[in-house]
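One-letter residues, chain by chain:
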Amino acid sequence: MMGMPSVLVLNGPNLNLLGTREPAVYGYETLDDVAGRCREAAARLGLALDFRQSNAEHQLIDWLHEARTQVDGIVINPAALTHTSVALADALSAIAKPVIEVHISNVHKREAFRHHSFVSPIASGIIVGCGTQGYVLALERMAVLLANEVVS
Ligand code: CA2
């Protein structure tokens, strides 16, 4: 694609509650704060950013279908759908663009049901347990992948 590479940052169910509960696990930042951090990072890295959240699996899937032709890379925190959704994983598999999976918490230190991800086998990279900084790290990695035209 011409111009600045574009990245879609997608957030799954309940991440709109960030900063309102469970600060010991997820920190004090709101999702708006995270969007702001991502906007700053994207500007610094020369990426065009689209930051979205939905509580609806079908909405996330529809956005991923649009992303097949509209964006160059995807950063996704699928939230609980990470551990449950074959449909979301199938939608991600249909995109021939780099995907980076982000989790704010260290899912491997938590309940066993959070240890499995349907998304990880599809991801170019995974950032786990780095707090909301994980989104910035993912964008930094995405900038490198897109500069080198790495697909997966
Ligand atoms: O650590 C992550 O980023 C998770 O993707 C967050 C999900 C969880 O289901 C995954 O296992 C790990 C939960 C997102 C909901 O976040 C909330 C934040 C504050 C208050 C309530 C929920």
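Quick caveat: nothing in here was measured; it's all calculated off a predicted structure.

Caption draft 1: Just the packing of aromatic side chains, in detail. Counted according to the given criterion, the structure contains 1 aromatic pair. When the ring of F51 is compared with that of Y135, the centres are 6.4 Å apart and the planes differ by 40 degrees; the resulting orientation is tilted. A residue pair is termed long-range when its members are at least 10 positions apart, and F51 in strand β2 (residues 48-53) and Y135 in helix α5 (residues 133-147) qualify at 84 residues. For the pair formed by F51 and Y135, the shared burial category is buried.

Caption draft 2: A look at the site of the ligand. The local shell around the ligand holds 16 residues, among which N77, H83, H103, I104 and S105 are the closest. With respect to the ligand, the side chain of H83 contributes an N or O atom lying 2.7 Å from an oxygen atom. Take H103: an N or O atom from its side chain is 2.9 Å from an oxygen atom of the ligand. Starting from 510 Å² of accessible surface for the ligand in isolation, the protein chains cover 95%. When the residues that make up the shell around the ligand are grouped by side-chain class, the tally is 9 nonpolar, 5 polar and 2 charged.

Caption draft 3: Quick peek at the sheet that holds strand β5 (residues 125-128). The parallel open sheet is built from 5 strands, whose spatial order is β2-β1-β3-β4-β5. Each edge of the sheet is formed by a strand with only one pairing partner; in this case those strands are β2 and β5. Neighbour-to-neighbour, the strand axes of the sheet open up by a mean angle of 15 degrees, direction not taken into account. With 3 bridges connecting them, strand β3 (residues 73-77) and strand β4 (residues 99-103) associate as parallel partners. Its bridge partner being in β4, V75 is matched across the sheet by I100.

Caption draft 4: Main features of the packing of helix α3 (residues 57-70) against helix α4 (residues 86-93). Running from amino to carboxyl end, α3 crosses α4 at an angle of 5 degrees, the nearest separation of the two axes being 9 Å. As far as their axial angle goes, α4 and α3 are roughly parallel. Between α3, through E57, L60, I61, L64 and H65, and α4, the contact on the second element is made entirely by A87, L88, A91 and L92. Taken together, the residues of the contact of α3 with α4 sort by class into 7 nonpolar, 1 polar and 1 charged.

Caption draft 5: Examining unusual backbone geometry more closely. Phi is positive for N14, which is not a glycine, with a value near 75 degrees. Positionally, N14 belongs in the loop between β1 (6-11) and α1 (23-26).

Caption draft 6: Inspection of the nonpolar core at higher detail. V7, F51, V75, Y135 and L139 are the most contacted members of the largest nonpolar core, which totals 26 residues. Taken together, the elements giving at least two residues each to this core come down to β1, α2 (31-45), β4 and α5. For this core, the element with the highest residue contribution is α5, accounting for 8 residues. Discounting residues that sit within four places of it in the chain, V75 has contacts with V7, L8, V9, L10, I100, V102, A138, L139 and M142. Of all hydrophobic cores here, the second largest spans 17 residues; its members include I61, W63, I76 and V99.

Cut-off values and rules
- Residues numbered from 1 in each chain as written.
- Predicted model: local features only at pLDDT ≥ 70, side-chain atom pairs only at ≥ 80, totals over all residues.
- Heavy atoms only, no water.
- Phe/Tyr/Trp six-rings, centres within 6.5 Å; stacked < 30°, edge-to-face > 60°.
- Helix = DSSP H or I, 4+ residues; strand = E, 2+ residues; numbered from the N terminus.
- Buried < 20%, exposed > 50% of the residue type's maximum accessible area, 1.4 Å probe, protein only.
- Near = heavy atom within 4 Å.
- Polar contact = N/O pair within 3.5 Å; in protein donor to acceptor, adjacent residues only side chain to side chain.
- Areas by Shrake-Rupley, 256 points an atom, 1.4 Å probe, with all protein chains shown as cover.
- Nonpolar A, V, L, I, M, F, W, Y, C, P; charged D, E, K, R; others polar.
- Pairing = 2+ DSSP bridges.
- Axes fitted to C-alpha atoms, helices over the stretch in contact; angles between N-to-C directions.
- Parallel < 35°, antiparallel > 145°, perpendicular 65-115°, else oblique.
- Contact = heavy atoms within 4.5 Å.
- Core = buried A, V, L, I, M, F, W, Y, C linked by side-chain atoms within 4.5 Å.

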